[in-house]
Amino acid sequence: MSTDILNHRPDGIPISLARSPWEAYGSRVHVFPSIADPVKHVEDVRNLPMREDDVIIAAYPKSGTHWVWEVTHMLLHQTTEHERRTKEHLMLEATPDLQTIMDEPSPRIINSHLEFTHLPQEILTKRTKIIHLIRNPKDTLISLYYHYLAIAADFTVQALLDAAIQNKLMYPSQFDYLRQMSQFQKEHPDHPVLHIYYEEMNKDPDRILRKLATFLGVAGSDEFLQEVNEACKFESLKKIEEDEKKTLPEILDRLCKESNVKLKMFRKGIVGDWKNELTKDQSDQLDAYIAREMDKGLDFNFIYE
């Protein structure tokens, strides 16, 4: 990553969010700022050895990965102490030297926004447990906007909306991401996958934590799960971020400081914030786009309120 991330393309999209010029295995290559050779990194990630007790949190960006990563850490380690590192330490597409992930003690909680074709291929033979997160596309768009606003102060919702509709972002569309998840399950119906909706986690965390503990095969008394719930409330995690109690990977921390960028992962954590941010015209634009994508077929529904 360099100060180039502050530059804009003519369409108003920060370079670090713009669609990359590379594809591999039928999917566009993510260009994460700390990765020198994104195409080679695809191969390195695909060949990463997996373990029997690994867990992968797979999600489209801004679907609650940081939140669920913290919860999963507490459940697997049977603790209510917060992880001192950010999830980027175990984020596949953000880790230049994958040896750091290979050296991570078990159980590893790996996370990624990559499509399955770019994930470690041993996921299949090791039957790696996958926690898949889903969030409604309107709130996802607004959360993505504010995330990149920290990088480009004159970035606009309309520029992001236009780029999303025209499929010009670094990431595949949220709908294509969900379709490839459905395809994976159709091809591997016995693979352990748990779907978690951001909105359900927000409204009924007790039930979702119980469901997650059962999926992970860990003990979870009512008292312990309540303590985890309290420790992982959005407000608590936001305060930890504001107080800078978590460490970023060294290279990412250094590059953010060089670019004068302060990453903020926790903003409001509410359902339906899109109503406060989108104009009626923008909401109508997005509704029409969502309807077109839903007409193509989708196995997931969305929760907007």
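Scroll up to find the structure.
Given the structure is predicted, the values throughout are model-derived calculations rather than measurements.

J.: Which residues make up the nonpolar core, and what values do they have?
T.: Ranked by size, the top nonpolar core spans 81 residues in total, and within it V71, L75 and I131 carry the most contacts. Considering every element that reaches this core, the biggest residue donor is helix α2 (residues 65-77), with 7 residues. Setting aside residues up to four positions removed in sequence, L75 forms contacts with L209, L212, A213, L216, V218, F224, L225 and V228. With 6 residues, the next largest nonpolar core counts I35, M91, L252 and C256 among its residues.

J.: Go over helix α12 (residues 250-258), please, and point to the residues and values.
T.: Because each turn of an α-helix spans 3.6 residues, side chains separated by three or four positions in sequence point in the same direction. What α12 keeps buried is the set L252, L255 and C256. Buried residues of α12, viewed axially, fall in a sector of 105°; they line one side. Away from its buried face by more than 90 degrees, α12 exposes E250, K257 and E258. Looking one or two residues past α12, N260 carries a phi angle of roughly 55°, positive in sign.

J.: Report on the packing of aromatic side chains, specifying residues and quantitative values.
T.: Two measures describe an aromatic ring pair: the distance that separates the ring centres and the angle between the ring planes. With the rule as written, the count across this model stands at 11 aromatic pairs. Residues Y60 and Y171 carry aromatic rings whose centres are separated by 6.1 Å and whose planes lie at 65° to one another, so their mutual orientation is edge-to-face. Placement of Y60 in the loop between β3 (55-59) and α2 and of Y171 in the loop between α6 (157-165) and α7 (174-187) is noted, with a sequence separation of 111 residues between them. Residue classification places Y60 among the buried residues on the basis of a relative accessible area of 7%. For Y171, a relative accessible area of 8% puts it in the buried group. Both rings, one in F175 and one in Y289, keep their centres 5.4 Å apart while their planes meet at 85°; by these two values the pair is edge-to-face. Of this pair, F175 sits in helix α7 while Y289 sits in helix α14 (residues 280-295), and the two are 114 residues apart along the sequence. Like Y289, F175 is buried. Every member of this aromatic cluster is reached through a ring pair, and the members are F175, W274, Y289, F302 and Y304.

J.: Account for the pattern of salt bridges, with residues named and values stated.
T.: Opposite charge on two side chains permits them to pair, given that their charged atoms come into close proximity. For the structure on display, the rule yields 18 salt bridges. R85 serves as the salt-bridge partner of E104, at 2.8 Å between the closest nitrogen and oxygen. Taken together, the residues E104 in the loop between α3 (99-102) and β4 (109-112) and R85 in the loop between α2 and α3 connect sequence positions 19 residues apart. R85 gets classed as partly exposed once you look at its relative accessible area, which sits at 22%. Each of D176, R179, E293 and K296 takes part in one network of salt bridges that share partners.

J.: Explain the environment of H66 to me, and be specific about the residues and the numbers.
T.: Tracing the chain through its elements places H66 in helix α2. Since its relative accessible area comes to 17%, H66 is described here as buried. Distance in space between the C-alpha atoms of H66 and L237 is 9.1 Å, their sequence separation being 171 residues. A polar contact of 3.0 Å, which involves the side chain of H66, links it to the side chain of E88.

J.: Would you mind going over the packing of helix α5 (residues 137-149) against α6 in detail, with residue names and values included?
T.: Between α5 and α6, the shortest axis-to-axis distance is 10 Å and the interhelical angle comes to 125°. Taken together, the axes of α5 and α6 are oblique relative to one another. As α5 runs across α6, the sense of the crossing is right-handed. Only V157, L160, L161 and A164 of α6 make contact with α5, whose side of the interface consists of L141, I142, L144 and Y145. Taken together, the residues of the contact of α5 with α6 sort by class into 8 nonpolar, no polar and no charged.

Here is what the cut-offs are and how they apply
Residues numbered from 1 in each chain as written. Predicted model: local features only at pLDDT ≥ 70, side-chain atom pairs only at ≥ 80, totals over all residues. Heavy atoms only, no water. Core = buried A, V, L, I, M, F, W, Y, C linked by side-chain atoms within 4.5 Å. Buried < 20%, exposed > 50% of the residue type's maximum accessible area, 1.4 Å probe, protein only. Helix = DSSP H or I, 4+ residues; strand = E, 2+ residues; numbered from the N terminus. Contact = heavy atoms within 4.5 Å. Arc of directions from axis to C-beta. Phe/Tyr/Trp six-rings, centres within 6.5 Å; stacked < 30°, edge-to-face > 60°. Salt bridge = Lys/Arg side-chain N within 4 Å of Asp/Glu carboxyl O. Polar contact = N/O pair within 3.5 Å; in protein donor to acceptor, adjacent residues only side chain to side chain. Axes fitted to C-alpha atoms, helices over the stretch in contact; angles between N-to-C directions. Parallel < 35°, antiparallel > 145°, perpendicular 65-115°, else oblique. Left-handed = near helix turned anticlockwise from the far one by under 90°. Nonpolar A, V, L, I, M, F, W, Y, C, P; charged D, E, K, R; others polar.

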